[in-house]
Amino acid sequence: MSRENNNLISIRDLTVSYRTGGGLFRTSKSFNAVDGVSLDIKKGETLGLVGESGCGKSTLGKAILRLIESSGGSVMYNDIDLTKLARVSMREHRKNAQMIFQDPYSSLDPRMTVGQIIAEPLRAFKLGAGDEQITDLMGTVGLSGELKTRFPREMSGGQRQRVGVARALATNPDFIVADEPLSALDVSIQAQIMNLISELKATRQLTILFISHDLRAVNHLSDRIAVMYLGRIVEIAESDELYRGPLMPYTQALLSAIPNRETKRERIILKGDVPSPHDPPSGCRFRTRCPYAIQECSTTTPKLVEIKPLHFAACTRISPERPTIESTSVVGMQL
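### Topic: empty space enclosed by the protein
Now for step 1: Counting across every chain of the model gives 4 cavities of 30 Å³ or more.
Now for step 2: The volume enclosed by the largest cavity comes to roughly 80 Å³.
Now for step 3: Around the largest cavity, the lining comprises 13 residues; the ones closest to its centre are P249, C284, C290, C297 and C315.
Now for step 4: Taken together, the residues that form the lining of the largest cavity break down as 10 nonpolar, 1 polar and 2 charged.
Now for step 5: Computed from the structure, the second largest cavity encloses a volume of approximately 60 Å³.
Now for step 6: In terms of lining, the second largest cavity is formed by I100, V165, L169, I176, A178, I197, L200, L206 and I208.
Now for step 7: Mapped onto the lining of the second largest cavity, the elements with two or more residues apiece are helix 5 (157–169), strand 7 (175–179) and helix 6 (187–204).
Now for step 8: Per-class residue counts for the lining of the second largest cavity are 9 nonpolar, no polar and no charged.

Dropping the structure here:
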């Protein structure tokens, strides 16, 4: 996926399966929430991960950190395969990789004060937990040390999310998964948290996986962007390149929803709903909603191919020799 050997994380064929249903007279069924994902995250970059709700973004982020177990594939962190680490070794590794959760209220223990919440990872890894350390961490995220004795319920949504960021930074990690860190916040607070994440990345040389459905936020914060659909990565490119010239019809539809005076894209309305991961379409998973689908799309599973320099897409109908989809008499056929 990357020509350079400066990746902090290299994911190969990662799969996360769940079993659902089952009972006295029913057989349980399995489905892949993440289905054979391969992805590189470079040291010091912010990789944005976008896609519709339910496409597997959060599951992928948690599987990278082994907050949930994968069913197959590998996650190489430098030269260590995290999927094969014993529990004791994985626990020690966790100080290097932390997570900022989506809901800053439900992810903070309501019975603990702010100071206790931030001190918890410091104590867990025997990194000290003095008042000065906690105050410094709070200052790093723009919180007054006087708030140490407050409980999460006594703080605003933006303040709670800053506490979550401070907790993630406590162990001085190299890598952070930010899982929809803006979605539970007011619009006026979102910009503050975005600026905080951007500043921390620069000052602490962090590598970040930024998961969001807010495409403008992703464009603002990310160096590269990966687009996910129904458990698979369908397009990856540098942020500006993706926004200027998306190749996949799915990515084009996502970006067309963003108001933009410069590009003035025509809004693309996708027909139908995202198919169930329990019974995904054969071939290209997007074909049932794609206006350019042809018969080959139902029989061929597209792989990520470098269509342009550092711009990868998984589409049967495009290639390096033909980077745009040509019109056809069977456009929009139901397969």
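On we go from here.
### Focus: unusual backbone geometry
Now for step 1: One non-glycine residue, R66, adopts positive backbone phi at about 60 degrees.
Now for step 2: Here R66 lies in the loop between helix 1 (57–64) and strand 4 (72–77).
Now for step 3: Positive phi is not limited to glycine here, since N78 has a value of about 55 degrees.
Now for step 4: Within the secondary structure, N78 sits in the loop between strand 4 and strand 5 (80–81).

### A short note on the pattern of salt bridges
Now for step 1: Here the structure, examined in full by the defined rule, presents 11 salt bridges.
Now for step 2: Measuring nitrogen to oxygen at the nearest pair gives 3.3 Å for the salt bridge that ties D35 to R232. With a gap of 197 residues between them, D35 in strand 2 (residues 29–42) and R232 in strand 10 (residues 232–238) connect regions that are remote in the sequence.
Now for step 3: Residue D35 is classed as buried on the basis of its relative accessible area of 15%.
Now for step 4: A salt bridge links D35 to R285; the nearest nitrogen and oxygen atoms lie 2.4 Å apart. Note that D35 is positioned in strand 2 and R285 in the loop between helix 9 (249–256) and helix 10 (296–299), a separation of 250 residues in sequence.

### Digging into the packing of helix 3 (residues 114–124) against helix 5
Now for step 1: Following both chains from N to C, one finds helix 3 and helix 5 inclined at 25 degrees, their axes separated by 7 Å at the closest point. Relative to helix 5, the element helix 3 is oriented roughly parallel. Crossing angle aside, the handedness with which helix 3 passes helix 5 is right-handed. Between helix 3 and helix 5, the residues in contact are V114, I117, I118 and P121 and V163, A166 and R167, respectively.
Now for step 2: For the contact of helix 3 with helix 5, the residue count by class is 6 nonpolar, no polar and 1 charged.

Thresholds, definitions, all that
- Residues numbered from 1 in each chain as written.
- Predicted model: local features only at pLDDT ≥ 70, side-chain atom pairs only at ≥ 80, totals over all residues.
- Heavy atoms only, no water.
- 1 Å grid on protein atoms, 1.4 Å probe; cavity = no way out; pocket = protein on both sides within 12 Å on 5 of 7 lines; lining within 4 Å.
- Points joined across faces, edges and corners; volume = space filled by probe spheres on them.
- Nonpolar A, V, L, I, M, F, W, Y, C, P; charged D, E, K, R; others polar.
- Helix = DSSP H or I, 4+ residues; strand = E, 2+ residues; numbered from the N terminus.
- Salt bridge = Lys/Arg side-chain N within 4 Å of Asp/Glu carboxyl O.
- Buried < 20%, exposed > 50% of the residue type's maximum accessible area, 1.4 Å probe, protein only.
- Axes fitted to C-alpha atoms, helices over the stretch in contact; angles between N-to-C directions.
- Parallel < 35°, antiparallel > 145°, perpendicular 65-115°, else oblique.
- Left-handed = near helix turned anticlockwise from the far one by under 90°.
- Contact = heavy atoms within 4.5 Å.

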